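# Examining the three-dimensional arrangement
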Amino acid sequence: MLVNVLTPGFTTSNGSAFLFPLIVFKNEIRNAGIDISITNMSDKDISQCDVVAIDSKQFRHVPDDRQDEIKELINGYRSSKAKIIWFDTTDSTGTLQSEMVPVVDKYMKAQLLRNKTRYEQRIYSGREHSEFYFQTAGTVDSNKVAVNQPISKNDATKLGISWNSGLADYSTYGPLKMGLYRRTRLSCFLSYPDSPAPNVQTRTKDLSARFGISYSRETVRYQREQIRKLLASRLNTQKLNRRGYMKELRRSKVILSPFGWGEITLKDFEVFLTSGMLLKPSMEHMETWPDFYVDGVTYKSFDWNLSDLEKKIEYALENDEEREAIASEGRRRYLQHTSDINAPEIFVTHLTKVL
């Protein structure tokens, strides 16, 4: 099977995570009979294959009034009989590039709502948590176009799950190495880091919660603003430099990771790597692959209204055995899909289903 991947490359965090396993596991993918060619050129030969895989970031900066040009381009690919798969690499579970769903064969997304009929309705700001705070707290986005367009019931059957942004390098120097790859295209800079076995004796800090709140949409930053207020008397939530931040994660027992543009954030994977216990708003509404989010197993949840946040923090700190078991399983499951010896086989099996 020949697969041409149209992508701008390692230009964004999600785009990098989309490409990362395709490059790191390239030999195993080829051994499975899948030949992948990565290109950022939209030329006439791209559709001479079995599958055209389009990273949505390729058309990230195309203005709304030129969307019809993209549709015409995709329709041109279809004339060659190649299967067209759109890979939505945006952050939010609720956000869809709705206008593209009708013109592709499959629409794959890193994370989807469990209730897919929600995509047939308008979701405020394209995010379930935005709609939640809009309805419960009266928070309104000043951007008047921040309302997701619905898709048809028939088009909803095209939706599927690709792989989430966890499949990249989130070690201390991971971003630097991915930047070097972007400039040199030397695959030696790309590899999955291992994670040292956790040492509970070195975890002298109870809680870490470092995050920014500079989001342009009010409904997106609301959760973080409220968490910062709740924890103001307890700890500093201001961001640190990379090395200081990773050092703090390694010595923290509980690490809080709120939603941002999407529910999944890069911090989640940094926590798994550094073996702390991940504390997040409930993820029950979404499904993703790999499934790193099982409440009480790989992370601990709190309610979106934050009513139980402080109680959940205290419970985690008072119950060492349970907290350490959750942290250990989160780490184990993360390594299983990245640096473990069987990780390539697991990914190739999933990729085959996606294609």
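In what follows, the structure referred to is the one given above.
Below is a summary of the structure that appears in this document. Every chain is numbered on its own, with residues counted from 1 as its sequence reads. Local features in this predicted model are restricted to residues whose pLDDT is 70 or higher, and side-chain atom pairs enter the listing and the counts only when it is 80 or higher, whereas totals over whole chains, interfaces and linings include all residues. Each side-chain value is derived from all of the structure's non-hydrogen atoms; neither hydrogens nor water enter the calculation.

## Brief notes about the overall build of the chain
Each helix is a run of H or I in the DSSP string that is no shorter than four residues. Each strand is a run of E no shorter than two, and both are numbered from the N terminus. Within the chain, the secondary structure is distributed over twelve helices and twelve strands. We compute the radius of gyration over the C-alpha atoms and compare it with the globule rule, which gives 2.2 Å times the number of residues raised to the power 0.38. Its C-alpha atoms give the chain a radius of gyration of 21 Å, within 12% of the compact-globule value 20 Å for 355 residues. Its C-alpha atoms put the chain at 60 × 45 × 30 Å along the principal axes. Burial classes: relative accessible area under 20% of the type maximum marks a residue as buried, over 50% as exposed, and values in between as partly exposed (1.4 Å probe, protein chains only). Burial status across the chain gives 55% buried among its 355 residues.

## Describing the packing of helix 10 (residues 309-318) against helix 11 (residues 320-336)
In the contact formed by helix 10 and helix 11, the axes pass within 5 Å of each other and the chain directions differ by 95°. Comparing their axes, helix 11 and helix 10 come out roughly perpendicular. The segment helix 10 lies against helix 11, with Tyr315, Ala316, Leu317 and Glu318 engaging Asp320, Glu322 and Arg323. Any residue that is not Ala, Val, Leu, Ile, Met, Phe, Trp, Tyr, Cys, Pro, Asp, Glu, Lys or Arg is counted as polar, Gly included; the first ten are nonpolar and the last four charged. Residue composition of the contact of helix 10 with helix 11, grouped by class: three nonpolar, no polar and four charged. Helix axes are fitted only over the stretch in contact, all axes being lines through C-alpha atoms; the angle between N-to-C directions runs from 0 to 180 degrees. Any angle between 65 and 115 degrees counts as roughly perpendicular, while under 35 counts as roughly parallel, over 145 as roughly antiparallel, and the rest as oblique. Contact between two residues is taken to exist if any of their heavy atoms lie within 4.5 Å; hydrogens are not considered.

## Topic: the nonpolar core
By nonpolar core is meant a set of buried Ala, Val, Leu, Ile, Met, Phe, Trp, Tyr and Cys residues that side-chain atoms within 4.5 Å join together. If you look at the biggest cluster of nonpolar residues, it comprises 78 residues, and the most contacted ones within it are Ile54, Ile74, Trp163 and Phe347. Take this core: its biggest share by element is six residues, from helix 1 (residues 13-24). Other than its neighbours up to four places away in sequence, Ile74 contacts Ile54, Ile84, Trp86, Met100, Val103 and Val104. Counting 18 residues, the second-largest nonpolar core is a separate cluster that includes Leu207, Phe211, Ile313 and Ile326.

## Concerning the pattern of salt bridges
One side-chain nitrogen of Lys or Arg within 4 Å of one carboxyl oxygen of Asp or Glu is enough to make a salt bridge. A complete count under the given rule lists 19 salt bridges for this structure. Across the pair Asp68 and Lys71 runs a salt bridge, and its minimum N-O distance is 3.9 Å. Residue Asp68 and its partner Lys71 are located together in helix 3 (residues 67-78), separated by three residues, close to a single helical turn. The exposure class assigned to Lys71 is partly exposed, which follows from its relative accessible area of 23%. Taking the shortest distance from any N to any O, the salt bridge between Asp206 and Lys253 comes out at 3.3 Å. Of this pair, Asp206 sits in strand 8 (residues 205-208) while Lys253 is found in strand 9 (residues 252-256), placing the two residues 47 residues apart along the sequence. Residue classification places Lys253 among the partly exposed residues on the basis of a relative accessible area of 22%. What emerges from the salt-bridge pattern is a single network uniting Arg118, Glu128 and Glu131.

## Let's talk about unusual backbone geometry
Cis geometry marks the peptide bond from Trp289 to Pro290; its omega dihedral reads -5°. Tracing the backbone shows Pro290 in the loop between strand 11 (286-288) and strand 12 (300-302). Residues other than glycine seldom take positive phi values, yet Ser275 does so here, at roughly 75°. Judged by relative accessible area, Ser275 falls into the buried class, the value being 5%. The phi torsion at Leu306 lies on the positive side, around 70°, for a residue other than glycine. In this structure, Leu306 sits in the loop between strand 12 and helix 10.

## Some thoughts on the sheet that holds strand 10 (residues 277-281)
Ordered by their spatial adjacency, four strands build an open sheet running 8-9-10-12, and the pairing between neighbours is parallel. Looking at the sheet topology across the chains shown, the edges are occupied by strand 8 and strand 12. Direction aside, the axes of adjacent strands within the sheet are offset by 20° on average. Two elements, strand 8 and strand 9, share three bridges in a ladder whose sense is parallel. Within the sheet, the bridge partner assigned to Ser208 lies in strand 9 and is Ile255. Across the sheet, helix 8 (residues 242-250) is in contact with strand 8 and strand 9; its angle to strand 9 comes to roughly 115°. At least two bridges found by DSSP between two strands are what make those strands a pair.

## Some thoughts on helix 10
Of all the positions in helix 10, only Leu309, Ile313, Ala316 and Leu317 are classed as buried. The buried residues of helix 10 occupy one face: seen down the axis, they fall within an arc of 95°. Of the exposed residues in helix 10, those oriented more than 90 degrees away from the buried face are Lys311 and Glu318. In this structure, the buried side of helix 10 is in contact with strand 8, helix 7 (218-231), strand 9, strand 10, strand 12 and helix 11. The arc in question is the one spanned by the directions pointing from the helix axis to the C-beta atoms.

## Here's the deal with the packing of aromatic side chains
To describe a pair of aromatic rings, one takes the distance between the centres and the angle between the planes. Aromatic contacts are taken between Phe, Tyr and Trp rings whose centres are within 6.5 Å, Trp giving its six-membered ring; a plane angle under 30 degrees counts as stacked, one over 60 as edge-to-face, and the others as tilted. Under the counting rule described, the total for this entry stands at 25 aromatic pairs. Geometrically, the ring pair formed by Trp163 and Phe347 is edge-to-face, given 5.0 Å between the ring centres and 80° between the ring planes. Here Trp163, found in the loop between strand 7 (159-161) and helix 6 (174-184), pairs with Phe347, found in helix 12 (residues 343-354); they are 184 residues apart in sequence, far enough to count as distant. The burial state of Trp163 is the same as that of Phe347; both residues are buried. Ring geometry for Phe292 and Tyr334: centres 5.3 Å apart, planes at 55°, overall tilted. Of the two residues, Phe292 sits in the loop between strand 11 and strand 12 while Tyr334 sits in helix 11, which places them 42 residues apart along the sequence.

## Quick look at the side chain of Arg323
Among the secondary structure elements, Arg323 is positioned in helix 11. The residues contacting Arg323, other than those within four sequence positions of it, are Lys253, Val254, Met277, Ala316 and Leu317.

## A word on the environment of Ser16
Tracing the sequence through the fold places Ser16 in helix 1. Expressed as a C-alpha distance, the spacing of Ser16 and Asp35, which sit 19 residues apart in the sequence, is 19 Å. Aside from chain neighbours lying at most four places away, what touches Ser16 is Phe10, Thr11 and Met178. In this structure the side chain of Ser16 is engaged in a polar contact, spanning 2.8 Å, whose partner is the backbone oxygen of Thr12. Contacts described as polar in this section are N or O atom pairs within 3.5 Å, which, within protein, must combine one atom able to donate a hydrogen with one able to accept it, while residues neighboring in sequence count only if both atoms come from side chains.

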